[in-house]
Amino acid sequence: MKRLIIIVTFILLVSIGLYFLFQQDSPAKKQPTKTKEATPTSTSVQKYVEQNYTAKNGLIINYKNASEPHYLAESIGLYMEYLVGVNDSANFQKQVDLLQKNFVTNDHFIKWEATKSTTTNAIVDDFRIAESLNDASEKFEHPAYKKLANTLLTNTQKYSSKKELPVDFYDFVHQETANTLHLSYLNIPAMKKANYPEKAYQPIQTVQATPFFTEVFQNGQFQYADPQEVNMIDQMLIAIAYYEKNGFIEPNFDKFLQAELTSNGKIYARYNRKTKKSTSENESTAVYAFLTQYFNKTNQPKNGKITKGLLQKMDTSNPETTHFFDYINKEITLKK
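*Asks:* Whenever I open this one, the packing of aromatic side chains confuses me. Can you help?
*Replies:* Note on aromatic pairs: each is described by the distance of the centres and the angle between the planes. The full count for this structure, using the stated rule, is 23 aromatic pairs. Summarising the aromatic geometry, the rings of Tyr53 and Phe324 are spaced 5.2 Å apart at their centres and angled 70° between planes, so their arrangement reads as edge-to-face. With a gap of 271 residues between them, Tyr53 in the loop between α2 (44–52) and α3 (73–85) and Phe324 in helix α13 (residues 324–335) connect regions that are remote in the sequence. Summarising the burial analysis for this pair, Tyr53 and Phe324 share the class buried. Both rings, one in Phe213 and one in Phe253, keep their centres 5.1 Å apart while their planes meet at 50°; by these two values the pair is tilted. Residue Phe213 is found in the loop between α8 (202–206) and β6 (216–218), and its partner Phe253 is found in helix α10 (residues 251–264); the two are separated by 40 residues along the sequence. We note that Phe213, like Phe253, is buried. An aromatic cluster of at least three residues, connected via ring pairs, comprises Tyr48, Tyr53, Tyr79, Phe324 and Tyr327.

*Asks:* Would you mind going over the sheet that holds strand β7 (residues 221–223) with me for this structure?
*Replies:* What holds strands together in a sheet is hydrogen bonding between their backbones, with the strands either parallel or antiparallel. An order of β5-β6-β7 is seen for the 3 strands of this open sheet, with the pairing classed as antiparallel. Bordering the open sheet on either side are β5 (180–182) and β7, each of which pairs with just one other strand. The sheet shows a mean angle of 30° between the axes of neighbouring strands, direction not considered. Note that β6 and β7 share 3 bridges and pair antiparallel.

*Asks:* Quick question: what am I supposed to make of the nonpolar core here?
*Replies:* For soluble globular proteins, the rule of thumb is that nonpolar side chains tend to be buried together. In this structure, Phe92, Leu133, Ile204, Met232 and Leu257 are the most contacted members of the largest nonpolar core, which totals 85 residues. Here Met232 is in contact with Phe212, Phe253, Phe256, Leu257, Ile267, Tyr268, Ala269, Arg270, Tyr271 and Val287, once residues within four sequence places are set aside.

*Asks:* Is there a simple way to think about helix α12 (residues 301–313) in this case?
*Replies:* Because each turn of an α-helix spans 3.6 residues, side chains separated by three or four positions end up pointing in the same direction. Across its 13 residues, α12 extends 18 Å between first and last C-alpha, which sits within 8% of the 18 Å expected from 1.5 Å per residue. All buried positions along α12 are accounted for by Asn303, Gly304, Thr307, Leu310 and Leu311. Projected down its long axis, α12 shows its buried positions confined to an angular sector of 125°, all on one face. Set apart from the buried face of α12 by more than 90 degrees, the exposed residues are Pro301, Lys302, Lys305 and Lys313.

*Asks:* So what exactly am I meant to see when it comes to the packing of helix α9 (residues 232–246) against helix α11 (residues 285–297) here?
*Replies:* Each packed pair of helices is defined by two parameters, the angle between the axes and the distance between the axes. Axis separation between α9 and α11 bottoms out at 9 Å; the angle between their running directions is 20°. The orientation of α9 relative to α11 falls into the category roughly parallel. Judged by the sense of rotation from one axis to the other, the crossing of α9 with α11 is left-handed. Contacts between α9 and α11 involve Met232, Ile233, Met236, Leu237, Ala239, Ile240, Tyr243 and Glu244 from the first element and Ala286, Val287, Phe290, Leu291, Gln293, Tyr294 and Lys297 from the second. Its residues placed into classes, the contact of α9 with α11 shows 12 nonpolar, 1 polar and 2 charged.

*Asks:* Before we go on, may I ask you to explain the packing of α2 against α3 in this structure?
*Replies:* The interhelical angle for the contact between α2 and α3, taken along N-to-C directions, is 155°, at an axis separation of 11 Å. As far as their axial angle goes, α3 and α2 are roughly antiparallel. For the pair α2 and α3, the crossing hand works out as left-handed. Along its contact with α2, which presents Val45, Gln46 and Val49, the element α3 presents Tyr79, Tyr82 and Leu83. Taken together, the residues that form the contact of α2 with α3 break down as 5 nonpolar, 1 polar and no charged.

*Asks:* For this particular structure, what's the right way to read the environment of Lys146?
*Replies:* Summarising the element assignment, Lys146 is placed in helix α6 (residues 143–159). In this structure, the C-alpha to C-alpha distance between Lys146 and Glu131, residues 15 residues apart in sequence, is 9.2 Å. If near-sequence neighbours (up to four positions away) are discounted, Lys146 is found in contact with Leu133, Asn134 and Ser137.

*Asks:* How do you make sense of the side chain of Asn329 when you look at a structure like this?
*Replies:* Along the chain, Asn329 turns up in helix α13. Here the side chain of Asn329 touches Phe325 through a polar contact of 2.9 Å, landing on its backbone oxygen. Sequence-distant contacts of Asn329, that is, excluding residues within four places in its chain, are made with Leu78, Ala289 and Phe290.

*Asks:* Got a minute to help me understand the pattern of salt bridges in this structure?
*Replies:* Pairing between side chains of opposite charge can happen when their charged atoms approach one another. Here the structure, examined in full by the defined rule, presents 6 salt bridges. In this structure, the salt-bridge partner of Glu198 is Lys245, at a minimum N-O distance of 3.1 Å. Taken as a pair, Glu198 in the loop between α7 (188–193) and α8 and Lys245 in helix α9 lie far apart in primary sequence, 47 residues in all. Residue class for Lys245 comes out buried when judged on its relative accessible area of 18%. Lys266 serves as the salt-bridge partner of Glu283, at 3.7 Å between the closest nitrogen and oxygen. Of the two residues, Glu283 is situated in the loop between β9 (270–272) and α11 and Lys266 in the loop between α10 and β9; the sequence distance between them amounts to 17 residues. By relative accessible area, Glu283 is classed as partly exposed at 30%. A residue is classified by how much of its surface remains accessible, and Lys266, at 24% relative accessible area, is partly exposed.

Reading the values: rules and limits
Residues numbered from 1 in each chain as written. Predicted model: local features only at pLDDT ≥ 70, side-chain atom pairs only at ≥ 80, totals over all residues. Heavy atoms only, no water. Phe/Tyr/Trp six-rings, centres within 6.5 Å; stacked < 30°, edge-to-face > 60°. Helix = DSSP H or I, 4+ residues; strand = E, 2+ residues; numbered from the N terminus. Buried < 20%, exposed > 50% of the residue type's maximum accessible area, 1.4 Å probe, protein only. Pairing = 2+ DSSP bridges. Axes fitted to C-alpha atoms, helices over the stretch in contact; angles between N-to-C directions. Core = buried A, V, L, I, M, F, W, Y, C linked by side-chain atoms within 4.5 Å. Contact = heavy atoms within 4.5 Å. Expected span 1.5 Å × (residues − 1). Arc of directions from axis to C-beta. Parallel < 35°, antiparallel > 145°, perpendicular 65-115°, else oblique. Left-handed = near helix turned anticlockwise from the far one by under 90°. Nonpolar A, V, L, I, M, F, W, Y, C, P; charged D, E, K, R; others polar. Polar contact = N/O pair within 3.5 Å; in protein donor to acceptor, adjacent residues only side chain to side chain. Salt bridge = Lys/Arg side-chain N within 4 Å of Asp/Glu carboxyl O.

So this is what it looks like as structure tokens:
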């Protein structure tokens, strides 16, 4: 009898031990892997953003002390891009938490603005955020970021497309897909990572510039965003996407840029489409940021140095009058 009790007790103890062993290894009980802690190469911008562009809810605002602040997916995506660039894993994780809490819907769409009434995404934001998540996943050795990027872009590719061509947005409440594609919304590295079909690149492969690009693709045709005036932010983003996909510059547009720099020593924010003359004396921080990126990508370091100098001269010191888009694009470019 005593021997039987010992055997039963032994079996019971082994069973309990095996139970806890398997419970410990069960995927449902596993703790999520933590982000690899990294030391930021710079912290001054993070402090500035915290003090001047961060609301009490933790979200980035468009302007400091704005009477009607806007919390944009554009802003959080650009800030995520910057944080990856300066190796700031801790602040990047904070932005991911804010993204999931305020922008990502239960069906995995990214709202272009963090409001209850927002019913659409914007593919330009989806691409930028996914690209930053993928970069962070590799740099910080955190696979969960890549998984999130894949989930988000799977939705983008499925719903923000028509006949395999990307479109500007999808209304996830009314289940309506846009008819237009603004070429400036394309992000070639993000699209390649998501395995977009070759047909998706057709608009950026076939667009021409005389010297300005046509900005919109709709129903198989290229259209002007504005038949009279050209926005150089859009033009530069299209030029970058054009080069990244095709592997060469658009010659007419590049020739225009070089002629402007030679004759005027600057590039203006807007031009008349027909006369090719600037419509105002205004310059743009974001334009100089994208110009610098463009010249560096296309192996034109001399011009890149010129536009970087012009970018550095742009005054972004007043957060009440400087949009976050301009401020952070300047900082992203200067850190590259």
